[in-house]
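What follows is each chain in one-letter form.
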Amino acid sequence: MSLSRILTIGDIVGPQAVEHLNRHLWDFRRLNDINLTIANGENACTGNGLDAQTSNLLLSSGVDIITSGNHIWHKRDIREYLDSTDAVIRPANYRTTTPGSGYTKINVDGYKYLVINVMGVVYMDPLDNPFYTVDRILNHESGHYDFSVLYIHDEATSEKLAMAHYFDGRIDIMFGTHTHVTTADERILPRGSGYITDLGMCGPVDSVLGIRSEIIIEKLTTNMPVRFEIAEGPVEACGAVFTLDMESKRITSIQRVKF
Ligand SMILES: [Fe+2]
Ligand SMILES: [Fe+2]
């Protein structure tokens, strides 16, 4: 039976997390027979955002596609950079004049994977309707890919789950992030799509969302503005591995992973 294994990793938070992937990701890929890796890079730089240099480091560390969300825009060079690469995408439901693309295609072992990035609108910025945005991309790309992946950047678990049911059977692999907290609901949906609501993050374990917990506690107890600082200490990458059976063309398993 020939299998394809797709590793998905949550939001990479800060330079220590980038360094962690640089040190461990190729080994993880080899040990777990990973064919394709997709990770969120919106918080990879100090002070949030992604720049060209950090992106290139992640791409050489074993990440094939970098997705993003509301925090992607912080660094000055990202707009130009997004227009220059197919390996980094931003939410597709920004207006059409926004730099970069909301989806990409990648060839892996002779198969074409369509990877779409969308952002929710519940407790998030009021972008275009994410359901219809993805519908439009699927219609436009129909017949031009073998497998499809939907990455949902979203706060509300209910909105991610609703999208998962809406696209069940039409998209092979679906997963979310943005909360930086892993959910334990990985499963194969009734019409065959593999899904997990939130992968969590790749960042400092002893933190709140990757930020020093004292700072977040101060913010929440005083309601005063604070300066975010990335926490020190051990880093863990949280994600999930989706296994595709290439003969039946179906997802056969989803497994949460940490390394
Ligand atoms: Fe994030
Ligand atoms: Fe986010």
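It should be noted that the structure appears before, not after, this text.
Everything numeric here is computed off the predicted structure, so don't read it as measured data. Position numbers for residues start from 1 in each chain and track the written sequence from start to end. Chain labels run from A onward and ligand labels from 1 onward, assigned in the order the entries are written. Where local features are concerned, this predicted model is filtered to residues with pLDDT of at least 70; where side-chain atom pairs are given and counted, the filter is 80 or more; whole-chain, interface and lining totals use all residues.

Draft legend 1. Structural context of the overall build of the chain. Secondary structure counts use DSSP, requiring at least four H or I residues in a row for a helix and at least two E residues in a row for a strand, with both numbered from the N terminus. Of regular secondary structure, the chain possesses six helices and 13 strands. Atoms counted for the radius of gyration: C-alpha only. Globule rule: 2.2 Å times the number of residues to the power 0.38. In terms of overall size, the chain behaves like a compact globule, its C-alpha atoms giving a radius of gyration of 17 Å where 259 residues would be expected to give roughly 18 Å. Every C-beta atom is placed from the backbone, and the number of other C-beta atoms within 10 Å of a residue's own sets its class: buried at 20 or more, exposed at 12 or fewer, partly exposed in between. Scored against the burial criterion, the 259 residues of the chain give a buried share of 44%. Of the contacts formed within the chain by residues at least 6 apart in sequence, a portion of 65% connects residues at least 24 apart. Residue pairs qualify as contacts under a 7 Å threshold applied to their C-beta atoms, which are placed from the backbone.

Draft legend 2. Representation of the packing of helix 1 (residues 14–31) against helix 2 (residues 52–60) within the structure. What counts as an axis is a line fitted to C-alpha atoms, over the stretch in contact for a helix, and the angles between N-to-C directions run from 0 to 180 degrees. Helix 2 packs onto helix 1 with a crossing angle of 25° between their chain directions and a minimal axis gap of 9 Å. Comparing the axis directions of helix 1 and helix 2 gives the class roughly parallel. For the pair helix 1 and helix 2, the crossing hand works out as left-handed. Across the interface between the two elements, Val18, Leu21 and Asn22 of helix 1 pack against Thr54, Leu57 and Leu58 of helix 2. Residues were grouped as follows: Ala, Val, Leu, Ile, Met, Phe, Trp, Tyr, Cys and Pro as nonpolar; Asp, Glu, Lys and Arg as charged; and all remaining residues, including Gly, as polar. When the residues that make up the contact of helix 1 with helix 2 are grouped by side-chain class, the tally is four nonpolar, two polar and no charged. Roughly parallel refers to an angle under 35 degrees, roughly antiparallel to one over 145, roughly perpendicular to one between 65 and 115, and oblique to any angle outside these ranges. Handedness of each helix crossing follows the sense of rotation of the near helix against the far helix: counterclockwise by less than a right angle gives left-handed, clockwise gives right-handed.

Draft legend 3. Representation of the environment of Ile188 within the structure. Mapping Ile188 onto the fold places it in strand 9 (residues 187–188). Between the C-alpha atoms of Ile188 and Val205, which are 17 residues apart in sequence, the distance is 28 Å. Setting aside chain neighbours within four positions, we find Ile188 in contact with Gly194, Ile251 and Ile254.

Draft legend 4. The arrangement of the sheet that holds strand 5 (residues 103–108) in detail. Any two strands with at least two DSSP bridges between them are considered paired. If you trace the six strands from one edge of the open sheet to the other, you get 5-6-7-8-10-9, paired in mixed fashion. Strands at the two margins of the open sheet, each flanked by one partner only, are strand 5 and strand 9. Examined bridge by bridge, strand 8 (residues 173–177) and strand 10 (residues 194–196) share three bridges and lie parallel to one another. When the sheet's bridge partners are listed, Phe175 is paired in strand 10 with Ile196. In this fold helix 4 (residues 130–141) packs onto strand 5, strand 6 (111–119) and strand 7 (147–153), with an angle of close to 160° to the strand it touches most, strand 6.

Draft legend 5. Broad picture of the environment of Tyr166. Secondary-structure assignment places Tyr166 in helix 5 (residues 157–167). Sequence separation between Tyr166 and Asp135 is 31 residues; the distance between their C-alpha atoms is 9.9 Å.

Draft legend 6. Seen up close, helix 1. Expected span of a helix: the number of residues minus one, times 1.5 Å. End to end, helix 1 covers 25 Å across 18 residues, agreeing with the expected 26 Å (1.5 Å per residue, within 8%). When the local axis directions of helix 1 are compared, the greatest deviation, roughly 45°, occurs at His24. All of the buried residues in helix 1 are Gly14, Ala17, Val18, His20, Leu21 and Leu25. Check the buried side of helix 1 and you find it contacts strand 2 (11–12), helix 2, strand 11 (201–204) and strand 12 (235–245). Asp33 sits one or two residues past helix 1 and shows a positive phi near 50°. One axis fitted to the seven residues ending at a residue, another fitted to the seven starting there: the angle between these axes is the bend at that residue.

Draft legend 7. Up close: helix 4. Given a rise of 1.5 Å per residue, 12 residues ought to cover 16 Å, and the 17 Å separating the end C-alpha atoms of helix 4 matches this to within 8%. Along helix 4, the residues that are buried comprise Pro130, Thr133 and Val134. For helix 4, the angular spread of the buried residues around the axis is 95°, confining them to a single face. In helix 4, the exposed residues that point more than 90 degrees away from the buried face are Tyr132 and Asn139. Directly after helix 4, the chain includes Gly143, whose backbone phi takes a positive value near 85°. Summarising the geometry, the arc corresponds to the directions from the helix axis toward the C-beta atoms.

Draft legend 8. Fine view of the pairing of strand 6. Among the nine residues that make up strand 6, seven are buried, leaving the element largely enclosed by the rest of the structure. Examined bridge by bridge, strand 5 and strand 6 share six bridges and lie antiparallel to one another. Bridge assignment links Ile106 to a residue of strand 6, and that residue is Tyr113. Linkage of strand 5 to strand 6, two consecutive antiparallel strands, is achieved through a turn of two residues, within which Asp109 is found at a positive phi near 50°. When strand 6 meets strand 7, the two strands line up parallel, connected through seven bridges. Within strand 7, the residue paired with Met119 across the bridge is His153.

Draft legend 9. Main features of unusual backbone geometry. Unusually for a residue other than glycine, Asn48 sits at a positive phi of about 75°. Inspection of the secondary structure assignment puts Asn48 in the loop between strand 3 (36–40) and helix 2.

Draft legend 10. Quick look at the pairing of strand 13 (residues 250–258). Two strands pair when backbone bridges link them, and strand 12 and strand 13 are joined in this way by eight bridges, in the antiparallel orientation. When the sheet's bridge partners are listed, Val241 is paired in strand 13 with Gln255. The turn joining strand 12 and strand 13, which pair antiparallel and follow one another in sequence, is formed by four residues; a positive phi near 60° is taken by Lys249.

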